[in-house]
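# Fold and geometry: a report
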Amino acid sequence: MRVDIVTIFPEFFQVLDVSLLGKARQDGIIDVRVHDLRDATTDRHRTVDDTPYGGGAGMVMKPEPWGQTIDAILDDAAGQPAVPAEGSGSGDARPLVVFPSPAGTVFTQATARRYALEPHIVFGCGRYEGIDQRVFDDTAERARVELVSLGDYVLNGGEVAVTAMIEAFGRLVPGVVGNPESLVEESHEDGLLEYPSYTKPALWRGREVPDVLLSGHHAKIAAWRHEQQIERTRRVRPELLPPELR
């Protein structure tokens, strides 16, 4: 799987060199390439933004460096075999270009599962008041474009959002997580929040591990965990439950 990231802060993504994703990169499971948007500028100040047409506060990222950088990435990818994203729901083999945006659709676990099937994803990290709309429109002529939001709040830039998304879908790529069974029982995988977990010792600061988890009765443990999932989801995220369980 290839992941390209366009940003004005390439050093931000050094965090992807650690933990499971770092090992996945070393093993060649995920190929992450970080591109400095300022490398596509031509002035001595390496300017990537300008005042917005129509007035208003803030600055907007200029289309020229974005167009040049994305063109270079897509041209390079064009020399590689085009493989449709299995399970993506479309036969479109073009790369997927994702721009974090508070105006985008919300990123969910289902999105993460879909991204994990993609052979190539390009992330564009916007800053300031956003990126010139023409960048999205132009890119859409060569690739699939999605604007994606982590939630109903605003960040200083797209770097945090991109890191979170790569963490979410990267661990679902086969070979990244050592025990793939552990992915099945996580929050949101079956529409419910994850059940509480316990480990040794059985008694800690006067707090005991629930007896059912010490029973060795797998069916009872499974039933208890499912009940805990429903109860936790009802308490914390009731909107995730079907009406009959709320």
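Residues numbered from 1 in each chain as written. Predicted model: local features only at pLDDT ≥ 70, side-chain atom pairs only at ≥ 80, totals over all residues. Heavy atoms only, no water.

Each domain of the protein was delimited in the assignment, giving domain 1 (2-180) and domain 2 (188-240). Each of domain 1 and domain 2 has a C-alpha centre, and the two are 36 Å apart. (Domains from an automatic or database assignment.)

Spatial ordering of the open sheet is given by β2-β1-β6-β5-β7, a layout of five strands whose pairing is parallel. Looking at which strands have only one partner, the edges of the open sheet turn out to be β2 (31-36) and β7 (144-149). Here the strands of the sheet are splayed against their neighbours by 30° on average, with no regard to which way each runs. (Pairing = 2+ DSSP bridges. Helix = DSSP H or I, 4+ residues; strand = E, 2+ residues; numbered from the N terminus. Axes fitted to C-alpha atoms, helices over the stretch in contact; angles between N-to-C directions.)

Another point: the nonpolar core. Core analysis: the largest hydrophobic core is formed by 27 residues, its most contacted members being I5, Y115, F123, I166 and F169. Elements with a contribution of two residues or more to this core: β1 (2-7), α1 (19-26), β5 (96-106), α3 (109-115), β6 (120-124) and α5 (159-170). When residues no more than four places from it in sequence are discounted, the contact partners of Y115 are M1, L96, V98, F107, I121, E146, V148, M165 and F169. By size, the runner-up hydrophobic cluster in this structure holds 16 residues, among which are V6, L37, V48 and I73. (Core = buried A, V, L, I, M, F, W, Y, C linked by side-chain atoms within 4.5 Å. Buried < 20%, exposed > 50% of the residue type's maximum accessible area, 1.4 Å probe, protein only. Contact = heavy atoms within 4.5 Å.)

With that out of the way, let us pick up α1. The complete set of buried residues in α1 reads L21, G22 and A24. Considered in projection along α1, the buried side chains sweep an arc of 160° and stay on one side of the axis. Along α1, the residues that are exposed and aim more than 90 degrees away from the buried face are S19 and Q26. Along its buried surface, α1 packs onto α5. Residue G28 follows α1 closely and has a positive phi angle near 80°. (Arc of directions from axis to C-beta.)

Bridge count between β1 and β2: six bridges; the pairing is parallel. Looking at β2, one finds that V3 is bridged to V32. In this view, the connection linking β1 to its parallel neighbour β2 by way of α1 has right-handed handedness. (Right-handed = clockwise from strand over helix to strand, strands pointing away.)

As a further point, take the pattern of salt bridges. For side chains bearing opposite charge, pairing can occur when the charged atoms are close. In total, this model carries 18 salt bridges according to the counting rule given. Between D76 and R2 there is a salt bridge, with its nearest N and O atoms 2.7 Å apart. Residue D76 is found in helix α2 (residues 63-78), and its partner R2 is found in strand β1; the two are separated by 74 residues along the sequence. Looking at D76, the relative accessible area reads 38%, which means it is partly exposed. In this structure, the salt-bridge partner of R46 is D39, at a minimum N-O distance of 2.7 Å. Each of R2, D4, D31, R33 and D76 takes part in salt bridges that share partners, so that together they form one network. (Salt bridge = Lys/Arg side-chain N within 4 Å of Asp/Glu carboxyl O.)

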